[in-house]
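Structural overview
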Amino acid sequence: MNTQPDPRTKAAVKAADRAHVFHSWSAQGLIDPLAVAGAEGSYFWDYDGNRYLDFSSQLVNTNIGHQHPKVVAAVREQAAKLCTIAPGFAVDVRAEAARLIAGRTPGDLDKIFFTNGGAEAVENAVRMARLHTGRPKVLSTYRSYHGATAAAINLTGDPRRWPSDTASAGVVHFWGPFLYRSPFHAETEEQECARALRHLEDTLAFEGPGTVAAIILETVPGTAGIMVPPAGYLAGVREICDRHGIVFVLDEVMAGFGRTGRWFAADHWDVTPDLLTFAKGVNSGYVPLGGVAISAEIAATFDERPYPGGLTYSGHPLACASAVATIEAMAEEGVVENAARIGEDVLGPGLRELAERHPSVGEVRGLGVFWAVELVRDRATREPLVPYNASGEANAPMAAFTAACKKSGLWPFVNMNRTHVVPPCTVSEDEARQGLALLDEALTAADAHTV
């Protein structure tokens, strides 16, 4: 790790970025992006010599860590052999990536349609469901994020949807289970599960189940808060879908490939969807890649009927090579098992211990290396530390917490009134404990805003 200060390069990078890069989700004149010089394992660093423990996994996608040598080598080797080829050809590395993914998905999800990322995976899953059923509507939850493309952003429940919501995309939102902030006035996980399923049944009854093509859920919602579903909920949704002929889609873009301590989060509940979307951890974002894993029944819909969808870079050889290397390295090195162990032995107990000592912590929840810390002003009333979708001065308490994290060398993943503890699946026990210690320090900035 060369973390020596390099002010000249920093100035050049910052100037070029300011002049030419248009950043996502940002008011361009109000941001000052960190200039990153390099990364390795669980860390990245800037041109001032500051090193950061990456408790965000960037966008919760570097599951295998930064610059894993086996994945880097695989991309180099593939580039020397075949950089690109159109999707219509049969290519060894594309077929092998599909085989390895299909071998880990639940049930009969044995056909893989490759995309460039998670949003495109959701777009195509919805298209497949509508064509398979001949129905127009898709149901998704309010506490969700499915991507920023046309259908995916309308399916999304969080405020990023609002500026792009056409109100005509055939999307209906409903409430998923979340006991800590239950919309159903539940007092136990069992009540929350039963009432959430009844709410979904009622929503379908009034929408007309015969008009609904699909229900899409993040198996464990990610950016919206890492709300682990109560036992029985996903199985209940599966039964409802089967009863009404509705396609059940699980979005595992963030939760998949080891993040929850299983290859796919659905494995925790032994539930098999009809379609499963993935991206991020499939190759840790080293080269853009996503996809849809498709059941035999839905795949058969397109045996003699062309599927009307495609992408120039679908199954790109460099991306597929990185996926093959990632999956093989994860299997050989016990990365999924490491994520489960770190969550069970270090992050879970450590976060619960922090919750006992910090009045700003209302709840911690998660699995594997996929945790959320809910920050509140008042534990008794559960009032969030900042209002929903806060910005500017209203968001000052979370801004102070975030600044404290970064000043200490911890790079957090912060959304609304939460910080998400989502290091790489390869994180060591020592790194996880170091991150918890830095988080402990930063939480004092949040504590200052409690009542």
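Check the entry above for the structure.
Residues numbered from 1 in each chain as written. Predicted model: local features only at pLDDT ≥ 70, side-chain atom pairs only at ≥ 80, totals over all residues. Heavy atoms only, no water.

1. With respect to the environment of Pro33
Put simply, the rule reads: Helix and strand assignments follow DSSP, with helices taken as H or I runs no shorter than four residues and strands as E runs no shorter than two, numbered in order from the N terminus. Contacts are residue-level and defined by heavy atoms, with any inter-residue pair within 4.5 Å sufficient.
On the secondary structure map, Pro33 appears in the loop between helix H1 (7-20) and strand S1 (36-40). Expressed as a C-alpha distance, the spacing of Pro33 and His23, which sit 10 residues apart in the sequence, is 9.1 Å. Excluding residues that lie within four positions of it along the chain, Pro33 makes contacts with Lys14, Asp17 and His23.

2. Some details on the pairing of strand S6 (residues 171-174)
To keep things clear, this is the line we draw: Following DSSP output, two strands are said to pair if at least two bridges run between them. The definition of a right-handed crossover adopted here requires that, viewed with the strands pointing away, the path from the first strand over the helix to the second runs clockwise.
With four bridges joining them, strand S5 (residues 137-141) and S6 adopt parallel strand pairing. Bridge pairing links Ser140 to His173 in S6. Handedness of the crossover joining S5 and S6 through helix H6 (residues 150-155) is recorded here as right-handed.

3. Digging into the packing of helix H11 (residues 335-357) against helix H13 (residues 429-447)
Each packed pair of helices is defined by two parameters, the angle between the axes and the distance between the axes. Note the threshold: Think of each axis as a best-fit line through the C-alpha atoms, taken over the contacting stretch in the case of a helix, with angles from 0 to 180 degrees between the N-to-C directions. What sets the label is the angle itself: under 35 degrees gives roughly parallel, over 145 gives roughly antiparallel, 65 to 115 gives roughly perpendicular, and the rest give oblique. Helix crossings get a hand from a simple test, with the near helix turned counterclockwise from the far one by less than a right angle marking a left-handed crossing and a clockwise turn marking a right-handed one. Classification used: nonpolar for Ala, Val, Leu, Ile, Met, Phe, Trp, Tyr, Cys and Pro, charged for Asp, Glu, Lys and Arg, polar for all others including Gly.
Where H11 contacts H13, the two axes come as close as 10 Å, and the packing angle between them is 15°. Taken together, the axes of H11 and H13 lie roughly parallel to each other. Taken as a pair, H11 and H13 cross one another with a handedness that is right-handed. Between H11 and H13, the contacting residues are Arg341, Ile342, Asp345, Val346, Leu347, Gly350, Leu351, Leu354 and Arg357 on the first element and Glu429, Ala432, Arg433, Leu436, Leu439, Asp440 and Leu443 on the second. Of the residues in the contact of H11 with H13, the class split is nine nonpolar, one polar and six charged.

4. Here we look at the environment of Gly350
Within the secondary structure, Gly350 sits in helix H11. For the pair Gly350 and Ala437, spaced 87 residues apart in sequence, the C-alpha to C-alpha distance is 9.1 Å.

5. Structural notes on the state of the cysteines
Which entries qualify depends on this criterion: Defined by distance alone, a disulfide is two cysteine sulfur atoms within 2.5 Å.
Applying the stated criterion across every chain yields a total of zero disulfides. The cysteine Cys83 is free of any disulfide, with Cys320 supplying the nearest cysteine sulfur at 14 Å. Here Cys241 stays free of any disulfide, with the sulfur of Cys193 as its closest cysteine sulfur at 14 Å.

6. Section: H13
Note the following rule: A helix is expected to span 1.5 Å for every residue after the first. Fitting one axis to the seven residues ending at a residue and another to the seven starting there, the bend at that residue is the angle between the two axes.
Spanning 19 residues, H13 covers 27 Å between terminal C-alpha atoms, matching the ideal 27 Å at 1.5 Å per step. Along H13, the sharpest change in direction is near 25° and occurs at Glu441.

7. Thoughts on the nonpolar core
Threshold: Throughout, nonpolar core names a set of buried Ala, Val, Leu, Ile, Met, Phe, Trp, Tyr and Cys residues whose side chains join them through atoms within 4.5 Å. A 1.4 Å probe rolled over the protein chains alone gives each residue an accessible area, and that area as a share of the maximum for its type sets the label: buried under 20%, exposed over 50%, partly exposed in between.
Core analysis: the biggest nonpolar cluster contains 66 residues, and Phe114, Leu347, Leu351 and Leu375 have the highest contact counts within it. For this core, the element with the highest residue contribution is helix H10 (residues 317-333), accounting for 10 residues. Other than its neighbours up to four places away in sequence, Leu375 contacts Ser360, Val361, Pro384, Leu385, Met398, Phe401, Asn417, Leu443 and Ala446. Within the second largest apolar cluster, 33 residues are counted, among which are Leu139, Ala196, Ile215 and Cys241.

8. A few points about the pattern of salt bridges
Keep this limit in mind: By salt bridge we mean one thing: a side-chain nitrogen of Lys or Arg within 4 Å of a carboxyl oxygen of Asp or Glu.
A complete count under the given rule lists 22 salt bridges for this structure. As a salt-bridge pair, Glu353 and Arg357 come within 2.6 Å of each other at their nearest N and O atoms. In this pair, Glu353 and Arg357 both sit in helix H11, four residues apart, roughly one turn of the helix. Of the charged contacts, one joins Arg357 and Asp440 as a salt bridge, the two residues approaching to 2.8 Å between their closest N and O atoms. Taken together, the residues span a long stretch of sequence, with Arg357 in helix H11 and Asp440 in helix H13 at a distance of 83 residues. A relative accessible area of 43% means that Arg357 is categorised as partly exposed. Bridged by salt links that share partners, the residues Arg181, Glu363, Arg365 and Glu374 form one connected network.

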